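Per-entry structural report
What follows is the residue order along each chain.
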Amino acid sequence: MLNVRKDFPILTKVHNGHQIVYFDNAATTQKPKQVIQAIVDLLENHNGNPHRGAHILSVEASKLYDDARIAVQKFINAAHSEEVVFVRNATEALNIIARSYGETHLHEGDKIVIPISEHHANLVTWQRVARVTGAKLVYMYLDETGHFTENDLAKIDSKTKIVAFAAVSNVLGMKTPIKKIIDKAHAAGAVVVLDGAQAAPHMKSDVQQWDCDFYVFSGHKMLGSAGTGVLYGKRDLLNDMEPFLLGGDMIEYVQEQTTTFNVLPFKFEAGTENVEGAVALHAAIDYLENIGFDTIEAKEHELVTRALQGLEQIPYVHIIGSTNAEEKTGVISFTIEGVHPHDVATILDSYGIAIRSGHHCAQPYGSHIGAEASNRVSFYIYNTVEEVDYFLDKLKLVRKTMGFKD
Ligand SMILES: Cc1ncc(COP(=O)(O)O)c(C=O)c1O
C-alpha cells in the first residue's frame, strides 16, 4: 500500500476547521520533504551561478544542474542529454517550438492539426504560427465521449506539417492513443509535438519508443517546484532551430555585429539558469521513480474508479468525456445541473476540499461541448479513498446549499 502522506507537510493544513483535501493536482502538485530539502541544501551549501565561475560554488551548482539534466534524460528515455532543454514550464517549451520551429518551417497552405481539447498553451501558440505563416489550423473534434474518431485522424494528411496534442488531456483526463497518432503523423511527413504536462507525472514517458519529435512538461505538476519545465526535441530538429531567447550562456562568439551560438542544449538556455528548479525536478524524479509508475498508476486507478462510481450515482452530475477508468489518469471534469462551477468549488472549499472550477485553459473545447465552465477533480499519489468518499458526501450538499430540494 502506497503511504506517502507523511512526506507532504502541507497535507496537514487545516482550513475552516477541516484538514485540507487537495484535489487540484492537475493544476499543480504538492511537494514532498525530499524536494523541499533538495532546494534548501542547494541554497545553503552549493549556490553559485552555473557554468560561469572557476570557484567551488559555481562548480558545485553546475554539477547539480548538469546531473538534473541527465536525470531528466533517463526519465523520458531521451537518446542524448543535449536533447533536454530546461525552460520555465510546458508553456514556454511550446512557445519555443511554435516560434523557433513553426514560424520558420511552415508556409502558406500547410496544415497544423490539433485536437479541440488542447490546453491554450498548445493552441494559442499554433494560432499565431498559422497567422504568421499562412498555414491552416485544423481541429480534430473528438466524439461525445472524448475519443478520437477516424474522421479526426483523416485530417492528418500530406499537407500536414505539425500534429500537436496532449498525451493526456487536462480536461478529459483521458490517455490519448499516442503511438497511433504519431505513426499516422509521421507517415504523412508531419512533425509531432507531444504535450506531456498531464502525462509525465502519471505514466512512464518514453520519447524513443513513442518517436515523438518534441515532448514538453512542467516540473511543478510532478512534485517539483514552479519555474522549471522541459523541452525535449530530437537533436537534428533542435540544431536546425534559431534560439528563442538571446543573451548570456547561449553564445559561442560575440562580435560587434554578429554572434555564433553555443551548442545544444545551452543554445536554448539564455541567462542564469534556475538551478533550484532543476535540483527540485531531479529530487522529484528520484521520488517518483522510487515509487514506480506501476504503483502510481494503480493508485490513481483506484481513486478515479471510486470517484467515477460515486459521481455516476448522482443524477444531476454530468461527467465530461469517458467514464471508463481504464482510459483515464486521475482527472475527472464534471458539471452540476443548475449550479455554477465556481459556486461548487466555493462550497467545497468551505469543507477544506480544493477542486478546480472554470474553463481549465481549454475554452474552445468548452464552447464545443457547450460547457463553458466546469469543475475538475484531479488526484495524485498522496490522495486517499477516504478523501474521495468525503468529497462525494460534501458534493451531495452543494445543491441543497444553493436552495435545491435534492
Ligand atoms: C495539458 C497541459 N498543457 C500545458 C499546460 C501548461 O502548463 P504550465 O502552466 O505549467 O506551463 C497545462 C497546465 O495545466 C496542461 O494541463
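Structure report, in brief. (Residues numbered from 1 in each chain as written. Predicted model: local features only at pLDDT ≥ 70, side-chain atom pairs only at ≥ 80, totals over all residues. Heavy atoms only, no water.)

1. Let's talk about the packing of helix H2 (residues 56–76) against helix H9 (residues 275–291)
It is at 9 Å that the axes of H2 and H9 come closest, and there the two elements cross at 40 degrees. As summarised for this structure, H2 and H9 are arranged oblique, according to the angle between their axes. Taken as a pair, H2 and H9 cross one another with a handedness that is left-handed. Contact residues: H2 offers Ala61, Leu64, Tyr65, Asp67, Ala68, Ala71, Val72 and Phe75, while H9 offers Val275, Ala278, Val279, Leu281, His282, Ile285 and Glu289. In terms of residue class, the contact of H2 with H9 is made up of twelve nonpolar, one polar and two charged. (Axes fitted to C-alpha atoms, helices over the stretch in contact; angles between N-to-C directions. Helix = DSSP H or I, 4+ residues; strand = E, 2+ residues; numbered from the N terminus. Parallel < 35°, antiparallel > 145°, perpendicular 65-115°, else oblique. Left-handed = near helix turned anticlockwise from the far one by under 90°. Contact = heavy atoms within 4.5 Å. Nonpolar A, V, L, I, M, F, W, Y, C, P; charged D, E, K, R; others polar.)

2. A few points about helix H13 (residues 385–401)
Under the 1.5 Å per step criterion, the end-to-end length of H13 is 25 Å for 17 residues, consistent within 8% with the ideal 24 Å. Among the residues making up H13, those that are buried are Val385, Glu387, Val388, Phe391, Leu392, Lys394, Leu395, Val398 and Arg399. Of the residues one or two after H13, glycine 403 is the one with positive phi, at around 100 degrees. (Expected span 1.5 Å × (residues − 1). Buried < 20%, exposed > 50% of the residue type's maximum accessible area, 1.4 Å probe, protein only.)

3. Things to note about the side chain of threonine 329
Mapping threonine 329 onto the fold places it in the loop between strand E13 (317–319) and strand E14 (331–336). Residues contacting threonine 329, with those up to four places away along its chain left out, are Val168, Gly173, Lys175, His202, Glu300 and Val304.

4. Some details on the nonpolar core
Ile112, Trp126, Phe214, Tyr215, Leu231 and Ile381 are the most contacted members of the largest nonpolar core, which totals 105 residues. For this core, the element with the highest residue contribution is H9, accounting for eleven residues. Both domains that meet at this core, namely domain 1 (5–23 + 292–401) and domain 2 (35–289), each give it at least three residues. Ignoring anything within four residues of it in the chain, the contact list for phenylalanine 214 reads Ile97, Tyr101, Val191, Val192, Val193, Leu194, Leu231, Tyr232, Gly233, Leu237, Leu238 and Met241. Core analysis: the next-biggest nonpolar cluster, separate from the first, contains 31 residues, Leu303, Ala325, Val385 and Val388 among them. (Core = buried A, V, L, I, M, F, W, Y, C linked by side-chain atoms within 4.5 Å. Domains from an automatic or database assignment.)

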